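As a plain string of letters, each chain reads:
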Amino acid sequence: MKLRTQTSATLKAKLSSTLKSWLPILQSGIGDLEETLNGFGLENPYFEVKSGITDSLSAQSAVHKKQCKEKMRGAKGGSAENDGIEQFCIQEESLEVMLLRQIEPPLFPTKNSQKIAKKIIENLDNEGYFDGDCAMIAQACSKALEAEISASEVEKIRLRFAYLEPPGIGALNVMESFRFQLDDLDVPSDVYGMCMEILENLQEHTKFKKNPLYPKAMRVIQSFKNPPALDFFQKEAAVIPDILVLEDNNNIQVQINDRYYPSILIQKQEKANKNSIQDAFIKTKIKEARDLVDALEMRKATLYKIGLMLVEYQYEFFKGGEIKPMTLKDLAEEFGHAPSTISRAISNKYLECARGIFPLKNFFATAIDEDTSNATIKDFVAELIRNENKQKPLSDSKILKLAAEKFKVTMVRRTIAKYRLQLNIASSSERKKLYKMQVEG
């Protein structure tokens, strides 16, 4: 299947000159594009950048709010209770706000207990564990409340956090957090007792396997959040792909995701004396603004062609196969540009297809040999570990041997270790410990 399109000599010349003039536009990721254009606008009062991302996200937010409102109204007319639920649906609550909302009677009935509890919240780390000093908190609260507060009183208040949401918050360590979370659950007393025994001997929990309550207890323990503030970790910024590879009726199509592109609004040229300095300045700035518009279009054209070439070179990948060796030089020769220009073009860019969202740089895997890329080796390593014997996890040396036999390539053990770390996979000894924590069979 031939997907490449021929570019005329005139378009190539225009593309080359425009991109050389505005390389920052080519290099910027779609999320940074608006900021880059606004940088040019600091010295040019004759154009305005309209945000594509803001408009798109605002539209999505409006749809989300409408869906929330409809859901709440469908439950029970416009009651105050539903209005509160609607607000929660629209805006997520931070961990601090959620905890402060719970510092009230009957759990914290006095001004002193509430002050201490709020001070404890200030001493929670990012994972939700308490890493403060009870004596120092007692001293600070004594001064603020003009009352005698002891470290033991602070500790008693901290232990009341076992009854707050999210369960496990305010614990000193993982084991105490697990006990807090266990106390929060409504489990039968016999299962509760089994859980406590396992928690006290967690490293050797398999010795309880013969107990009929063991599977139930382990399922309870495995439901615990670790760390307790896990649900409140800052979410990664959404990745916006530049290139969309769509498949319909076995046909592959490439599209540019221009929905999120900023647009440039050029002001109408003011009338001035033909030979005036002002007129020359205005004409220059208007031309620069038009060049920016051209640069945006050329950016799209460049990435579109890259998308077409990727589908042609990596067709098997988009059909479920592996990434084949491909270098920047391959693309540079097709474009007639230097590899450094192509490197700018793919930097901070992403492609979305049926298999997920991928950085463009992933498709330019360094070839280990003519037929094998490092991405292929990584996939092989991940598959081996996914299916390894949990009693005897594969060492890096064993994985190296298996990879060398399969792909007939020469590597060293540290290469396998590097790939394993890039895949966020622990060493064989660490994996063995993790496997012991899982329910077997």
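The coordinates are above.
Here the structure is a predicted model, which is why all the values come from computation and not from measurement. (Residues numbered from 1 in each chain as written. Predicted model: local features only at pLDDT ≥ 70, side-chain atom pairs only at ≥ 80, totals over all residues. Heavy atoms only, no water.)

## Quick word on helix α15 (residues 328-335)
For step 1, the next point in the chain: By the burial criterion, the buried members of α15 are Leu 331, Ala 332 and Phe 335. Taken end-on, α15 shows its buried residues confined to a sector of 100°, consistent with a single buried face. Along α15, exposed side chains directed more than 90 degrees from the buried face belong to Lys 329 and Glu 333.
For step 2, the next point in the chain: Tucked inside the fold, the buried residues of α15 contact α13 (277-313) and α16 (339-346).
For step 3, the next point in the chain: Positive backbone phi, approximately 80°, marks Gly 336, located one or two places after α15. (Buried < 20%, exposed > 50% of the residue type's maximum accessible area, 1.4 Å probe, protein only. Helix = DSSP H or I, 4+ residues; strand = E, 2+ residues; numbered from the N terminus. Arc of directions from axis to C-beta. Contact = heavy atoms within 4.5 Å.)

## As for the pattern of salt bridges
For step 1, the next point in the chain: Under the definition given, this model contains 14 salt bridges.
For step 2, the next point in the chain: Lys 119 serves as the salt-bridge partner of Glu 122, at 3.4 Å between the closest nitrogen and oxygen. In this pair, Glu 122 and Lys 119 are both assigned in helix α7 (residues 111-122), three residues apart and thus about one turn of the helix distant.
For step 3, the next point in the chain: Overall, the relative accessible area of 26% leaves Lys 119 in the partly exposed class.
For step 4, the next point in the chain: Linked through salt bridges whose partners overlap, the residues forming this network are Glu 155, Arg 158 and Glu 176. (Salt bridge = Lys/Arg side-chain N within 4 Å of Asp/Glu carboxyl O.)

## Section: the nonpolar core
For step 1, the next point in the chain: Of all hydrophobic cores here, the largest spans 43 residues; its most connected members are Phe 318, Leu 351 and Phe 363.
For step 2, the next point in the chain: Here the element with the most residues in this core is α13; it accounts for 10 residues.
For step 3, the next point in the chain: Sequence-distant contacts of Phe 318, that is, excluding residues within four places in its chain, are made with Val 245, Glu 247, Ile 252, Leu 310, Val 311, Leu 351, Cys 353 and Phe 363.
For step 4, the next point in the chain: One finds Cys 141, Ile 149, Ile 169 and Ala 229 within the second-largest nonpolar core, a separate group that totals 22 residues. (Core = buried A, V, L, I, M, F, W, Y, C linked by side-chain atoms within 4.5 Å.)

## Some remarks on the packing of aromatic side chains
For step 1, the next point in the chain: Applying the stated criterion across every chain, the model contains eight aromatic pairs.
For step 2, the next point in the chain: Aromatic side chains Phe 317 and Phe 318 sit 5.3 Å apart centroid to centroid with 80° between the ring planes, which places their arrangement in the edge-to-face category.
For step 3, the next point in the chain: Seen from their ring centres, Phe 358 and Phe 363 are 6.2 Å apart, and the 70° between their planes marks the pair as edge-to-face.
For step 4, the next point in the chain: Taking the relative accessible area as the measure of exposure, Phe 358 reaches 18% and is therefore buried.
For step 5, the next point in the chain: Under the relative-accessibility criterion, Phe 363 is labelled buried at 0%.
For step 6, the next point in the chain: Taken together through their ring pairs, the aromatic side chains of Phe 317, Phe 318, Phe 358 and Phe 363 make up a single cluster.
For step 7, the next point in the chain: Positioned over the ring face of Tyr 261 is Lys 300, at 4.8 Å from the centre of the ring. (Phe/Tyr/Trp six-rings, centres within 6.5 Å; stacked < 30°, edge-to-face > 60°. Lys NZ or Arg CZ within 6 Å of the ring centre and 35° of its normal.)

## Considerations on the sheet that holds strand β2 (residues 243-248)
For step 1, the next point in the chain: In spatial order, the strands read β3-β2-β5-β6; together these four strands make up an open sheet with mixed pairing. The open sheet has two edge strands, β3 (251-256) and β6 (356-359), and neither has a second partner. Across the sheet, the axes of successive neighbouring strands diverge by a mean angle of 20°, strand direction being ignored.
For step 2, the next point in the chain: Across six bridges, the pairing between β2 and β3 is antiparallel. When the bridges of β3 are listed, Leu 246 appears paired with Gln 253. (Pairing = 2+ DSSP bridges. Axes fitted to C-alpha atoms, helices over the stretch in contact; angles between N-to-C directions.)

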